[in-house]
Structure formats: structure tokens, C-alpha cells
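# Structural overview
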Amino acid sequence: MQKKRISLSFLDPDQWFLNDQRETVLDTLVKNGIPIKQACINGVCGVCLTPLLSGEIDYAEKQPRGLNEKEKESGYFLPCISTCKTDICIGKPKVTLR
């Protein structure tokens, strides 16, 4: 199974991690010590809302109910239920841990 690259544009210097296609983007971020707030982990609450700057994600059969239309149009996604279809680049999560 081919791993996809997740680039983090909000870190200085930019960093990247490999995402196993069986893991969600959130799992990869947490595993690598990236501070991101999480709650429901099923796409409903929207707490992990993050900008997708490039690339494609996949929600499979899950529905991103925690995203409204404006957020979708602005390029946000929910890492808790998404996997990488391609290499992706993300911006700083909307809500981070303190």
C-alpha cells in the first residue's frame, strides 16, 4: 500500500509526514506530535477543521457533517474522517491545543 505525504505549511520550517492510507489524517498528525484539537472523531463536531491547501482527501462512506458550505468553499476539511487520496498540503488547524 502506497503512503501519501502530508506537508505542513504552518510550521517553520515546513515539515512533512507520511500517511498510511489506513490512517486518518488526524491519526498521522497526532502520532507525529502536531497539536490539533479533537473531540468527536466522526466528522460531526468540526473541532478539527483544517485548511486543505493542495491535494485530495477522501471521506469514503463518512459524511463531513461538521463542515458548513462556506467552510467547504473556503477549502476546509475534517482530518478526523479523511484519508489522503494524493499527497496533500495543509494549513494551520483552525483550533489548536493550548
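This text follows the structure it describes.
Described in the following lines is the structure provided in the data block. Being a predicted model, the structure only gives us computed values, none of them experimental. (Residues numbered from 1 in each chain as written. Predicted model: local features only at pLDDT ≥ 70, side-chain atom pairs only at ≥ 80, totals over all residues. Heavy atoms only, no water.)

## Here's the deal with the sheet that holds strand E1 (residues 4-8)
To summarise the sheet geometry, strands pair through backbone hydrogen bonds and adopt either a parallel or an antiparallel arrangement. A sheet is described by the order of its strands in space; here 5 strands give the open sequence E2-E1-E7-E3-E5, paired in mixed fashion. Each edge of the open sheet carries a strand with a single partner, namely strand E2 (15-19) and strand E5 (76-77). Relative to E5, strand E3 (residues 50-54) runs antiparallel, the two sharing 2 bridges. Bridge pairing links Thr 50 to Phe 77 in E5. (Pairing = 2+ DSSP bridges. Helix = DSSP H or I, 4+ residues; strand = E, 2+ residues; numbered from the N terminus.)

## Points about the nonpolar core
Counting 20 residues, the largest nonpolar core has Leu 78 and Ile 88 as its most contacted members. Among the secondary structure elements, those contributing two or more residues to this core are E1, helix H1 (25-31) and strand E7 (88-90). At 3 residues, H1 tops the list of elements feeding residues into this core. The residues contacting Ile 88, other than those within four sequence positions of it, are Arg 5, Ile 6, Ser 7, Val 25, Leu 52, Ser 54, Gly 55, Glu 56, Ile 57 and Phe 77. (Core = buried A, V, L, I, M, F, W, Y, C linked by side-chain atoms within 4.5 Å. Buried < 20%, exposed > 50% of the residue type's maximum accessible area, 1.4 Å probe, protein only. Contact = heavy atoms within 4.5 Å.)

## Observations concerning the environment of Val 95
Secondary-structure assignment places Val 95 in the segment after E7. Excluding its chain neighbours within four sequence positions, the residues that come into contact with Val 95 are Ile 36, Lys 37 and Val 47.

## Points about the pattern of salt bridges
A complete count under the given rule lists 4 salt bridges for this structure. A salt bridge links Lys 85 to Glu 56, with the nearest nitrogen and oxygen atoms 4.0 Å apart. Here Glu 56 lies in the loop between E3 and strand E4 (57-58) and Lys 85 lies in the loop between strand E6 (83-84) and E7, a separation of 29 residues in the sequence. Relative accessible area serves as the criterion here: at 44%, Glu 56 is assigned to the partly exposed category. Notably, a salt bridge pairs Glu 69 with Lys 72, separated by 3.4 Å at the nearest N-O pair. Within this pair, Glu 69 and its partner Lys 72 are both found in helix H2 (residues 69-73), separated by 3 residues, close to a single helical turn. (Salt bridge = Lys/Arg side-chain N within 4 Å of Asp/Glu carboxyl O.)

## Brief notes about the pairing of E1
A regular strand carries its side chains on alternate faces of the sheet. Where burial is concerned, the two faces of E1 differ: the one with Lys 4, Ile 6 and Leu 8 is buried and the one with Arg 5 and Ser 7 is not. Counting the residues between successive antiparallel strands, the hairpin from E1 to E2 contains 6 residues. As defined by bridge partners, E1 adjoins E7 across 3 bridges and the pair is classed as parallel. Each bridged residue has a counterpart across the sheet, and for Ile 6 the counterpart in E7 is Ile 88.

## Focus on the pairing of E2
Taken together, the 5 bridges between E1 and E2 define a ladder with antiparallel strand orientation. Within the sheet, the bridge partner assigned to Leu 8 lies in E2 and is Gln 15.

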